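Okay, here's what each chain looks like letter by letter:
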Amino acid sequence: MRATVIHAPGDIRVEDAPEPKIVNPTDAIIRTVATCVCGSDLWPYRGLEPVGDPHPMGHEYVGIVEEVGSEVGNVKPGQFVVGSFATSDNTCANCQKGWQSSCLNREFMGTCQAEYVRIPNAHGTLVATDEHPSGELVPSLLAVSDVMGTGWYAALAAEVKPGSTAVVVGDGAVGLCGVIAAKELGAERIIAMSRHESRQKLALEFGATDIVSERGEEGIARIKDLTGGIGADSVLECVGTSQSMSQALHSARPGGNVGFVGVPHEVAVDGQELFFSQVGLRGGPAPVRRFLPDLIDRVLSGHINPGKVFDLTLPLEQVAEGYKAMDERRAIKALLKP
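Residues numbered from 1 in each chain as written. Predicted model: local features only at pLDDT ≥ 70, side-chain atom pairs only at ≥ 80, totals over all residues. Heavy atoms only, no water.

1. A closer look at the sheet that holds strand E1 (residues 2-8)
- Strand order in this open sheet of three strands is E2-E1-E4, and the pairing throughout is antiparallel. One side of each edge strand has no neighbouring strand; the edge strands of this open sheet are strand E2 (11-16) and strand E4 (55-56).
- In this structure, E1 lies alongside E4, joined through two bridges in antiparallel fashion. Residue pairing in the sheet places isoleucine 6 in a bridge with histidine 55 of E4. (Pairing = 2+ DSSP bridges. Helix = DSSP H or I, 4+ residues; strand = E, 2+ residues; numbered from the N terminus.)

2. Quick notes on helix H11 (residues 288-300)
- For H11, spanning 13 residues, the distance from its first C-alpha to its last is 17 Å, which sits close to the expected 18 Å at 1.5 Å a residue.
- The sharpest bend along H11 reaches about 35 degrees and sits at aspartate 294.
- Those residues of H11 that sit buried are Val288, Arg289, Phe291, Leu292, Leu295, Ile296, Arg298 and Val299. (Expected span 1.5 Å × (residues − 1). Bend = angle between axes of the 7 residues up to and from the residue. Buried < 20%, exposed > 50% of the residue type's maximum accessible area, 1.4 Å probe, protein only.)

3. Let's talk about the environment of alanine 8
- Residue placement: alanine 8 occurs in strand E1.
- When its relative accessible area of 28% is taken as the criterion, alanine 8 is described as partly exposed.
- Put simply, alanine 8 and glycine 207 are 199 residues apart on the chain and 39 Å apart in space, counted from C-alpha to C-alpha.

4. Things to note about the nonpolar core
- If you look at the biggest cluster of nonpolar residues, it comprises 56 residues, and the most contacted ones within it are Val62, Val82, Val144, Met148, Val160, Leu236 and Val309.
- The element best represented in this core is helix H6 (residues 173-184), accounting for eight residues.
- Counting residues in hydrophobic clusters, the runner-up holds 17 residues, among them Ile12, Tyr45, Val51 and Ala331. (Core = buried A, V, L, I, M, F, W, Y, C linked by side-chain atoms within 4.5 Å.)

This is the structure we're talking about:
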């Protein structure tokens, strides 16, 4: 099969690789219908995370089940499935509490930019649709496997409630999906922080009521101006840098909440400052599996359309261009067709 491999920062290649096989009785093999490049894939691509030895890439996927292990009973060959970037047995104590991304048997996916993928913990990870979806719905279902589920978690972690004011820090795919989530959860005012016109337009289409282009102290001041000098009830931090975290924390009102889902890089939170801010802080890898049935239903019913974050579609063979376009901010998110 063909699969994506990173060799060094900026060096993405599509190479021949062995087709995956069932290793454990809880595995499944899927033929990918669509996969994509994630913003977090850009960290090693930009040299901000060590690459080490050449290795496969990708953790977002939808596809058709080809084969299942002997202990997989919830999906069968021929079904269209959506999964999560973090696999889970969905039975351990953490899973039962809804924290499947902290499953005691968790494995993070990392081989999905390929024609075929082995899914560990398939019984607890994969959710099948009743029938094969139309091609128009595939991008939104692919978004559910990570960015929509992560944006949803950011909104829940920030405790977005009906009638509240929410700020979304970050205008990548996760941030834009966070706008959708805030809208769905009933926020009355949604302030999207973005400097890019195409992303601003999409944020407004998804439900943002205000756009703030300033950053840093100017951005915080603008948020305060828009919220009566107090700050927002909920802030979704969807980037993962020191600046974005600082902006998020200082944009929340006393008693407000920050949900952070951007993978942190050189982020440090001052304990005393957090203490006196009285701002709640929760984040981490999103328990996407908890949200899959609900989000899949919202997509299939036409209620949400997060697939619009994919503004570049390429064959898998051109995956290097997908990385380059996202790195240069010529694309929000690149969808790949194996």
